[in-house]
Amino acid sequence: MLRLLRLMLPGVVLVTQSVWANPGNLLDMNLEQLLQVDITSSTLRAESIKTVPSATTVFTRSQLDALGLDYLHELLSLVPGFQTSRAADGPFSYSFSIRGRRQSGQSREVMLLVDGRAFTDPRSGSIEGAIHLYPIANIEQVEIIRGPASAIYGSGAFTGVISITSRKQVNQVTLGVGENQKRNADINLSYQLGHWQTHFYGRLAQDSGQQYQIGSQTTRDPHREMLLDWNVQYRNSRIQAFYSEQEASDFYVLEKINNGFNNYWQTFKHLRFDHQLSPSENWKINLALSHEKAQQELMGTLLPAGALSVISTPSSDAPLLTKGVLASEAYRFNVANDLDINALLSMQFGMEWQHQREIKARSYNNYDLLQWVQREYPVNYYGELTSETVVGRERSRDLTGIYTQWLYQLRDDTRLTAGLRYDHYEFLEAHVSPRLGVVHQLDEHHTLKLLYSEAFRAPTFGETDLQNNQFLIGNPDLESETVKSSELLWVGTWKQLTLGMTLNHNQYEKPISTGFVGATRTYVNGAGQKIYGSGARFEWQLNSQWMLRGHVSKFHELPDAFFREADSLGSLGVNYQRDRWNWNLSAIYQGERQYQLTSSQRATLDSYWYFNTQVRYAVDAKTTLAFAIKNLSDKNYFTPSQGTGLVGGVPNRGREASIGLHWQW
């Protein structure tokens, strides 16, 4: 479908973030209004930045409009404790971590919710396996929780949650062009008739990629994408249908370059039905039934040319090529209750059932992969990708979770949050995830939050069932990893200034990583790890024109296993607005990181700053023009690879300029 629909793009232009229809609201970055934004993902109830019992960052639509960014992973670099890395698994592979903790090239520890829907690949347990590039253009508000959230959400919320509210009740088109033949188009359509409501979002985008000189090789990273999200609601019932398709070629796939052959294609489908009940004025129930399916098809190189020439029949010096086909699905049933017991006490409770299944995990090769893995020489050479090998056990599992949470107003200035969740996974031990939080208002301006939570992450099919792989196999005896987290936060709020400081400690038990069982490289549960973190953030509205925003994050005693993560992070942003004009500049800092040069040697990647900027002009109440530049100084910076041999790390994109037109009616 993507290959057909992308033919529609030549007449359209690069998307830029939409803006409010009224020019007066267009430039409204009032800090006092931002402090009144409702935050719902932490407790499943509306909270303010003062009362929410978690370390939470919120971006509203007006803030997103000003930044000039395209994708979620770009935005996360502005969030305290987050760091984003470009991986070498595919041309658009970006992963992110919270508070210095990531065990692989995928974001398995963080849950992504879009209007309550979990966007996760059931096979890999990662966001990237479902959707690599989530567009900012369809975000009305995003809430980012830092810290374990299994007490409500279960396994996927090991280190945090990203909860997106998509755009609704808006009709708009955004079009634009940019460097590297960038052409994007986004459309939002809404309609209401009586008790019927419908909302639709569609996106088409492509570019020809940038050029990279990597050693003696030159390559590019072109990509194409399509996304459709349709929501239909009648009274208290709602159907949500989501489809995305993304494709990229050349660059790195499986950490090797093979221009003309390398390709990565993925689709993600999600269908959900919700129905709300109200047995009484103080009791609300939400029932949800959903199905999701993730598919990936990657084409890459396993071994370079000549590696099998001596042991192949007929003898060939062709590289060992692979076409990997992966597919998984999950069925979910959720019940969520929200009960007001009295004016001071409320209770949230519910259950979740899932059926996860690895549908397909196959590799198609030009050599007999199984013979090579099992060292049965000579290895048959077929020329074409006709040799099929099963690389996963292609099985299923069921899981059940039940949770309860109590919100109690102890005093006018003190609020208690207590929660507990029980999860049972087929083939794994059960887990209990508690949560306790006390939020105390010292006075009108100062708030203290003392938080404790535990979480777990169940091993995925990719970690337990991977097979017939010479480099790494799954471990069916793998156990869930767990974390115990303690955090102290201070929040100061004034009319034109907000400040925040945090001290946190995370103790990880049975962390999942790669290791050896005998002579076999596999996934193992390692020794305990601990991370101490601290940070500070601020938002300062100097006057009606100028606003500043920034953060610093520091991780202490970062375990050696996390050498790919920086222990120092920061960002700084400035926004200027006057009449119909708005200008924004953001700066992101990343500390030194290391990568594995050889199996026994590491190399260091330098720290760096890079900058993004955007200028917007409101032509009238419906039309806005924008000019954006990402990586303003054309910084040449790199991120660590997961494997060995990628000297210098993985290159990131250089400067990207774009212009755009937005029209809303």
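Above this note sits the structure.
Described in the following lines is the structure provided in the data block. Remember, it's a predicted structure, so these values are computed and weren't measured experimentally.

### Quick word on the overall build of the protein chain
No. 1: For the protein chain, the helix and strand inventory stands at eight helices and 42 strands.
No. 2: Relative to a compact globule of 665 residues, whose C-alpha radius of gyration would be 26 Å, the protein chain shows 25 Å and is just as compact.
No. 3: Principal-axis analysis of the C-alpha atoms gives the protein chain an extent of 80 × 55 × 50 Å.
No. 4: In the protein chain, which comprises 665 residues, the share counted as buried stands at 57%.
No. 5: Here the contacts in the protein chain between residues at least 6 apart in sequence split such that 65% fall between residues at least 24 apart.
No. 6: Computing the positive centroid from 61 side-chain charges and the negative centroid from 66, the protein chain places the two 2 Å apart.

### Considerations on the pairing of strand S8 (residues 172-178)
No. 1: Where S8 and strand S9 (residues 182-193) come together, seven bridges link them in antiparallel fashion. Note that in S9 the partner of Gln-172 across the bridge is Asn-188.
No. 2: Strand direction decides the pairing type here: S8 and strand S42 (residues 656-664), joined by seven bridges, are antiparallel. Residue Val-173 lies in a different strand from S42, and its bridge partner there is Trp-663.

### With respect to unusual backbone geometry
No. 1: In this structure, Pro-314 follows Thr-313 across a cis peptide bond, with omega equal to -10°.
No. 2: Tracing the sequence through the fold places Pro-314 in the loop between strand S19 (312-313) and strand S20 (320-340).
No. 3: In this chain, Tyr-377 is followed by Pro-378 through a cis amide linkage whose omega measures 0°.
No. 4: Mapped onto the secondary structure, Pro-378 falls in the loop between helix H7 (369-373) and strand S22 (379-380).
No. 5: In this structure, Leu-44 is a non-glycine residue whose phi angle is positive, near 70°.
No. 6: Looking at the secondary structure, you find Leu-44 in the loop between helix H3 (31-34) and strand S1 (55-60).
No. 7: You can call Leu-44 partly exposed: its relative accessible area is 34%.
No. 8: In this model, Asn-468 sits at a positive phi of 55°, which is unusual for a non-glycine residue.

Cut-offs and rules
Residues numbered from 1 in each chain as written. Predicted model: local features only at pLDDT ≥ 70, side-chain atom pairs only at ≥ 80, totals over all residues. Heavy atoms only, no water. Helix = DSSP H or I, 4+ residues; strand = E, 2+ residues; numbered from the N terminus. Rg over C-alpha atoms; globule rule 2.2 N^0.38 Å. Buried < 20%, exposed > 50% of the residue type's maximum accessible area, 1.4 Å probe, protein only. Contact = heavy atoms within 4.5 Å. Lys, Arg positive; Asp, Glu negative; His and termini not counted. Charge placed at Lys NZ, Arg CZ, Asp CG, Glu CD. Pairing = 2+ DSSP bridges.

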